[in-house]
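This is what each chain is made of:
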Amino acid sequence: MKVLSLKFSRASKTYEEWAIPQRLSAEILKQLDTIEGSVLDVGCGTGFSSMGLKNVVGIDLSLSMLKVYKSKGFIGICADANFIPFKDKSFDSVISNFALHWMDINMVFEEIFRVCRKKFLCAMPVEGSIKELNFPFYSAEDVLKKVQSLGGKLRRVEIKTIDIPFEGWDLIRFFHYTGSSYNPSNRDFLKSKKSIETLLFSIDKPSFVVLFFSCEVYK
């Protein structure tokens, strides 16, 4: 988690310019279902998902990202989503965009269900995204099974392909400038010139396969 916090902090000034897929994903997510009452934005980043919402609180690992988030008038708290610092059933709704694929869904989903009273909306890239990176994305099936195992009643489920509008060296810049250059299955994949050149030649049309879902959370 410290590695992620550092990478996202370094990208805080460039994130909003380069995170085009993440911004689009947030807009799709907010149109997926109604978002009511008090809201917790898990992995809020600079605030793509919180924009337009009222009574929202964001949590994120990166202090630098939170600085941008709070500059927009939001309340932001530096916290690990595996240990959400709120009492049980503190929020009517929980929303999360492009954040939970970095985490252990067995831990983070349980925490989200603990603090959520009514509805959970999530967008996360899943298996099939940028296959050439060999990133350990969860399968959509495993994500939905975990939600249901916790008692979540699925309301809406969609899977969409979102293109990454960069190629060549701009694709490498995209990973760095959005804090996404960390790969837990291959930590050195963007450190050497050879690994970068290999990546550039292997990727044809980079894209994310994104799972969008909303579910009712039962007490």
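Below: a short report on this structure. Remember, predicted model here, so these are calculated numbers, not experimental data.

Tallying secondary structure elements over the protein chain gives eight helices and seven strands in all. Its C-alpha atoms give the protein chain a radius of gyration of 17 Å, within 12% of the compact-globule value 17 Å for 219 residues. Across its three principal directions, the C-alpha atoms of the protein chain cover 50 × 35 × 30 Å. Per-residue burial for the protein chain yields a buried fraction of 54% across its 219 residues. Counting contacts in the protein chain only where the partners sit at least 6 residues apart, residues at least 24 apart contribute 73% of the total. Accessible surface, the protein chain as shown: approximately 10700 Å² in total, 52% of it carbon and sulfur. Side-chain charges of the protein chain comprise 30 positive and 25 negative groups, with the mean position of each set lying 5 Å from the other.

The next subject is the side chain of Ser207. Turning to its location among the elements, Ser207 is positioned in strand β7 (residues 207-216). In contact with Ser207, not counting residues within four places along its chain, are Ser129, Ile130, Thr161, Ile162, Asp163 and Ile164.

Time to look at the packing of aromatic side chains. Within this structure, the stated rule accounts for 15 aromatic pairs. Between Phe86 and Phe91, the aromatic rings sit 4.9 Å apart at their centres with planes inclined by 85°, giving edge-to-face as the arrangement. Three or more aromatic residues link up through ring pairs in this structure, and these residues are Trp18, Phe98, Phe166, Phe174, Phe175, Tyr177 and Phe208.

Let us now look at the state of the cysteines. Inspection of the entire model under this criterion finds zero disulfides. Between Cys44, a cysteine without a disulfide, and Cys78, which holds the nearest cysteine sulfur, the sulfur-to-sulfur distance is 9.5 Å. When its relative accessible area of 5% is taken as the criterion, Cys44 is described as buried. With no disulfide of its own, Cys122 lies 9.0 Å from the sulfur of Cys215, the closest cysteine sulfur.

Quick look at the pairing of strand β2 (residues 56-60) now. β2 sits mainly inside the fold: five of its five residues count as buried. The two faces of β2 match: Val56, Gly58 and Asp60 on one face and Val57 and Ile59 on the other face are all buried. As defined by bridge partners, β2 adjoins strand β3 (residues 75-78) across four bridges and the pair is classed as parallel. Each residue of the ladder has a partner; that of Asp60, found in β3, is Cys78. Handedness of the crossover is the feature at issue here: the chain leaves β2, passes through helix α4 (residues 63-71), returns alongside β3, and the resulting connection is right-handed.

Next up on the list: α4. Where α4 is concerned, the buried positions are Met65, Leu66 and Tyr69. The buried residues of α4 occupy an angular sector of 95° when the element is viewed end-on, so they sit on one face. When the buried face of α4 is taken as reference, the exposed residues oriented beyond 90 degrees from it are Leu63, Lys67 and Ser71. One or two steps after α4, the chain reaches Gly73, where phi turns positive at roughly 95°.

This paragraph deals with helix α3 (residues 20-32). Along its 13 residues, α3 runs 19 Å from first to last C-alpha, staying within 8% of the 18 Å computed at 1.5 Å per residue. All of the buried residues along α3 are Pro21, Gln22, Ser25, Ala26, Leu29, Lys30 and Leu32. Viewed end-on, α3 has its buried residues packed into an arc of 165°, placing them on one side of the element. On the buried face of α3, the contacting elements are α2 (15-18), β4 (91-97), β5 (116-125), β6 (153-163), α7 (169-177) and β7.

Here is what the cut-offs are and how they apply
Residues numbered from 1 in each chain as written. Predicted model: local features only at pLDDT ≥ 70, side-chain atom pairs only at ≥ 80, totals over all residues. Heavy atoms only, no water. Helix = DSSP H or I, 4+ residues; strand = E, 2+ residues; numbered from the N terminus. Rg over C-alpha atoms; globule rule 2.2 N^0.38 Å. Buried < 20%, exposed > 50% of the residue type's maximum accessible area, 1.4 Å probe, protein only. Contact = heavy atoms within 4.5 Å. Areas by Shrake-Rupley, 256 points an atom, 1.4 Å probe, with all protein chains shown as cover. Lys, Arg positive; Asp, Glu negative; His and termini not counted. Charge placed at Lys NZ, Arg CZ, Asp CG, Glu CD. Phe/Tyr/Trp six-rings, centres within 6.5 Å; stacked < 30°, edge-to-face > 60°. Disulfide = S-S within 2.5 Å. Pairing = 2+ DSSP bridges. Right-handed = clockwise from strand over helix to strand, strands pointing away. Arc of directions from axis to C-beta. Expected span 1.5 Å × (residues − 1).

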